[in-house]
Each structure stands twice: as C-alpha cells, then as structure tokens.
Amino acid sequence: MPRAARSENMQLHLLASGGLALVLAQTAAAQAPAGAPDFDSALKADRWLEDWSWVRPDDPQAPAFKNIAFGPEDQWRLTFGGEGRIRAETRDPAEFGIPGAGAVNAANFRGLAHADARFGEDVRLFVQVGSWGQEGRAVPRIFDEAEVAVQRAFADVKLTPEATLRLGRQDLFRSSSRLLFPVDIFNYQLVHDAAALRYRGDHLRVQVFHGERFLTGPGVFEKRDLGGETLTGAFVEGSLDSLPGHEFGAFVLHQETDAGAFPRRPGPEARTSWIARVSRKAAPWTLSAEAGLQTGNVPGADISAWAFATEVTRTLDIPRKPALTMRIDGASGNEAGTDDNETWATLAPVMGYLGRTGDYTATNVIGAYPEVSFDVAPDLRLSLGGEVTWRASRGAAVSAPGAAAPYLPAGVPGDGPVIYGAILKGRWAPSARWEVNGELSWLEPAGALKDFGGEGRFNGVVSLTTRF
C-alpha cells in the first residue's frame, strides 16, 4: 500500500474508533443505574475477566451493550465492548546507534472489539477482533500491522464450580511470575491456540495447557508463519493459612520450536523452563523473588540457562504515598569455551522483568533498578528510576529484542557496567475508561558498549487507552 494511502487509512481508523469509543463510553456512563455496581469498576484491562451479571437486561437505564438478554426465553446473556490505543514513540538513536541506525519516530494504533456470550452458568464464548497499524517506520515490524485479526476466540466450559476447560485462542501467561508475564508494548498481544484446564479455589490457582503460538499477518485474518512452536505447561500458585501474607508459585513450560524468535536463534530446539516464585506482602513492605532454570537441547549442544527476578518495595504512610523500590534481575549468556548453550531464551516478545523500555533482551544481562514513586495529583502517579546493567558473560552478545545482529557482539573485551540510565514515568487514570501513560528515558553506554561505538539514547513514549 502506498505510504500516503496508508497514512490516510491510519487517520480514518483513529478518527472512527476514537469517536466511537467516546460516544459509547459517554452513553454507558449516562445510563448507569443508580445503586448498581460502579460502571468503571467493572471494566478490566483483560476484557475477558469482566463481570456484567449485575446489569439487569430489563432495566431501561442499564449500561448500553452490557448483559443483553437473548436466546430461549431470554436466558442467555451477551455483552459487547471495545478499546482503542494510540502509542507514539521516539528513539534517538535506535539500538544505541551501533548498526548505524538513526532516530525512530513512530505512532502505533490498535483497535479491538469483543463479544462475550454466556449460555447459562456453565458455557461461555468470548471473541475479540482487531485492526492495527503504524506510521513512521519505513519497514513495519512483524507486530505492527494487521487489517483484520482474530486476536482472541475461546470457549469456556465449567466442569465444576472451581474448574474450567478453555479451548481456543487465549492468553496463557497471565500469572504472578515476572519471568513470564509479557509487556503490552506492541500492537500484537501474545496469544496461543490452546487447550487449558484451569482451577481456582480459595487458596490455590492451577493451570495446565497445551497450545501453539499464533502470530497475525498484515492482511485480513492472516496468520504469519515463523515456524512451528508448541508449548505445554503447568502453573501452580497459592497461599497457606499458616503463612499469612505469603504466596508461592511453581511454573513448568516445555517448548518445541523450529526457530526461536525472541531473540532470533537457530532451531530446532526443545527447551523446558522451571521457575519458582515466593512473595510476601506485609505493609509497609512488599517483597518477591523468583528463579528459573532452562534445560533441553539445540543442534549440537545441551541447554543449561538461568534467570532471576527480585523486588523489594517500602511504602511510606505519609501524604503522596511515596514508595521506594529496588529490583535486581538477571539472565545468563553463554560462557566462552563451554559445551552447553547457556543463553536464557525469553518465551514472549517483550518480558517485564529485565530492563524498562525493551532496549535489550532478557539475555546475558544483570541489572539493578532503583525507583521512587509518588502521587502528585488525584489519579496521577509519577516514578523516577535509575538503571545500571552489566554483562553476565563476556562470551555472549547483548542484543536488541528480536534483532538479527547484536549491538554488542560476544567476546568484546571490557569489564564493569555497559549501560547507565534514568527514566521518568507517569500514569494518569481518571477512570477505568481512560488511561494515559508517558515516559522519558536516557540510556548511556559505558565500558565495552561505549568502546564499541555505542551512543547515548533518548526515548520518549506517550500512550492513550480508552475502553467501553
């Protein structure tokens, strides 16, 4: 599609979807029934978790498009909703300027609409379709564009009050683990075509699943083929009455893939990840720690990799609710001269535990991230953080996520930190319908990365999300 036509389509998408979201959100607010649960509190970032059963279909003042009666004797229920997001970003230069890359100035737009049908108490169907695009990158990334995509489509069958079988395109990594949880930066969101058995009791959450990664293509209902990838896993999370405030988690994932994409690596490979997590919340402290091991094999080598994520937060009981946080995270890279493949491989496009802005993969880096956050106004919270990172191994590369070539190759001499940085972030959420996030960051290369030609990098991001 010509650039001018693509730009015009982008503008039409933004105007139509943004206008529709505003009208529907205002309509729903005006029609919220007196004395009913708050409309905003029912909205969730993960839309399939919403519960609109409190809406009475026969109430003329009920929120629009929620809990509509249909089917035999109006016993079934149907809810519609949607959301739009605009995310603008500037990076100068991209990837520390190592490959000769200049500044990147881009805007991404994503629109999603969903239908949630409840057939009695035991059967449910959730379908979410979307359209997204970008402006600014001459060559879009594989996550940037899709004319029409089925982002999620699954059926739930309740087997017992606590157990549900979910079949179809779904999110598998919604868990307490920071080593697994994907960050929503790209237009595309990580999903799998899978079968998952879920159990949720008073103190125990269990998920067992088997599925195949799904990636959208740029066209209409198009699937992108990067080689086959299957994933089989079991998550167990819970707490004990004898240890109030503590929560525990154990996660096992077995991945078989033709070629790894994050970061790019040759295949085929079979990789199993073993992760254990413990956390404790006892005001004013919140603490968590988790560690992961990966085993398996790639052509010519066995896999022996590790990663960890730790976090300590102290919240002060004074005005502005300031909180002091320290994270120390890390992941292995290959040690020179060993027979094993010791590189930790991420299981999603962008992981939330290592780094703040997606500048480097969760591979061969150990980082410390201090942060202070506080309220500056109603619904507005700011945080100021620092960053210092080292290579876990001089014998392995430091790469940008998904990049074909590293910006610091393996074997480059040098000791000490390779990156320093600072970041200012803000979040304004006057209601669940509207959310604005912004960040300004500066990363400065040091040591081996600076000697190799790395340049200081400025990054600015702002995003607007609306839900209805």
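Thresholds, definitions, all that
Residues numbered from 1 in each chain as written. Predicted model: local features only at pLDDT ≥ 70, side-chain atom pairs only at ≥ 80, totals over all residues. Heavy atoms only, no water. Helix = DSSP H or I, 4+ residues; strand = E, 2+ residues; numbered from the N terminus. Buried < 20%, exposed > 50% of the residue type's maximum accessible area, 1.4 Å probe, protein only. Areas by Shrake-Rupley, 256 points an atom, 1.4 Å probe, with all protein chains shown as cover. Core = buried A, V, L, I, M, F, W, Y, C linked by side-chain atoms within 4.5 Å. Polar contact = N/O pair within 3.5 Å; in protein donor to acceptor, adjacent residues only side chain to side chain. Contact = heavy atoms within 4.5 Å. 1 Å grid on protein atoms, 1.4 Å probe; cavity = no way out; pocket = protein on both sides within 12 Å on 5 of 7 lines; lining within 4 Å. Points joined across faces, edges and corners; volume = space filled by probe spheres on them. Nonpolar A, V, L, I, M, F, W, Y, C, P; charged D, E, K, R; others polar. Phe/Tyr/Trp six-rings, centres within 6.5 Å; stacked < 30°, edge-to-face > 60°. Lys NZ or Arg CZ within 6 Å of the ring centre and 35° of its normal.

Student: Which residues make up the overall build of the chain, and what values do they have?
Tutor: Helix and strand counts for the chain come out as three helices and 21 strands. The burial tally for the chain puts 46% of its 468 residues in the buried class. With the model as given, the accessible surface of the chain reaches about 21,500 Å², and the carbon-plus-sulfur share is 60%.

Student: Just give me the short version of the nonpolar core, but keep the residues and values in it.
Tutor: Judged by nonpolar contacts, the single largest core of 29 residues is most densely connected at W132, F173, L180, Y188, F209, F235 and L253. Formed by 15 residues, the second largest nonpolar core is a distinct cluster that contains Y360, V365, L408 and A448.

Student: Just give me the short version of the side chain of D156, but keep the residues and values in it.
Tutor: Relative to the elements of secondary structure, D156 occurs in strand β5 (residues 146-158). With a relative accessible area of 7%, D156 lands in the buried category. For D156, the side chain forms a polar contact with the side chain of R166, separated by 2.7 Å.

Student: Give me the environment of G267: which residues, what numbers.
Tutor: With respect to the helices, strands and loops of the structure, G267 is situated in the loop between β12 (264-265) and β13 (269-282). Here the alpha-carbon distance between G267 and G227, two residues 40 residues apart in the chain, equals 9.5 Å. G267 has contacts with D258, A259 and P299, leaving out every residue within four places of it along the chain.

Student: Explain the layout of surface pockets to me, and be specific about the residues and the numbers.
Tutor: If you add up the space inside the second largest pocket, you get close to 1,400 Å³. Lining the second largest pocket are 37 residues, with W48, L49, R124, D156 and R166 positioned closest to its centre. Secondary structure elements with two or more residues in the lining of the second largest pocket: β2 (76-92), β3 (104-119), β4 (123-135), β5, β6 (163-170), β7 (191-200), β8 (204-214) and β9 (229-238). Along the lines of polarity and charge, the residues of the lining of the second largest pocket split into nine nonpolar, nine polar and 19 charged.

Student: Could you give me a rundown of the packing of aromatic side chains, with the residues and numbers involved?
Tutor: Counted under the stated rule, the structure contains 13 aromatic pairs. When the centroid spacing of 4.9 Å and the interplanar angle of 80° are considered together, the rings of W76 and F119 count as edge-to-face. With a gap of 43 residues between them, W76 in strand β2 and F119 in strand β3 connect regions that are remote in the sequence. Take W76: its relative accessible area is 31%, and that puts it in the partly exposed class. For the ring pair F209 and F235, a centre distance of 5.3 Å and an interplane angle of 85° mean the geometry is edge-to-face. With F209 in strand β8 and F235 in strand β9, the pair connects residues that are 26 residues apart, well separated along the chain. With respect to burial, F209 and F235 carry one shared label: buried. An aromatic cluster is defined as three or more aromatic residues linked by ring pairs; in this entry it consists of F39, W52 and W54. The side chain of R169 reaches across the aromatic face of F214, ending 3.5 Å from its centre.

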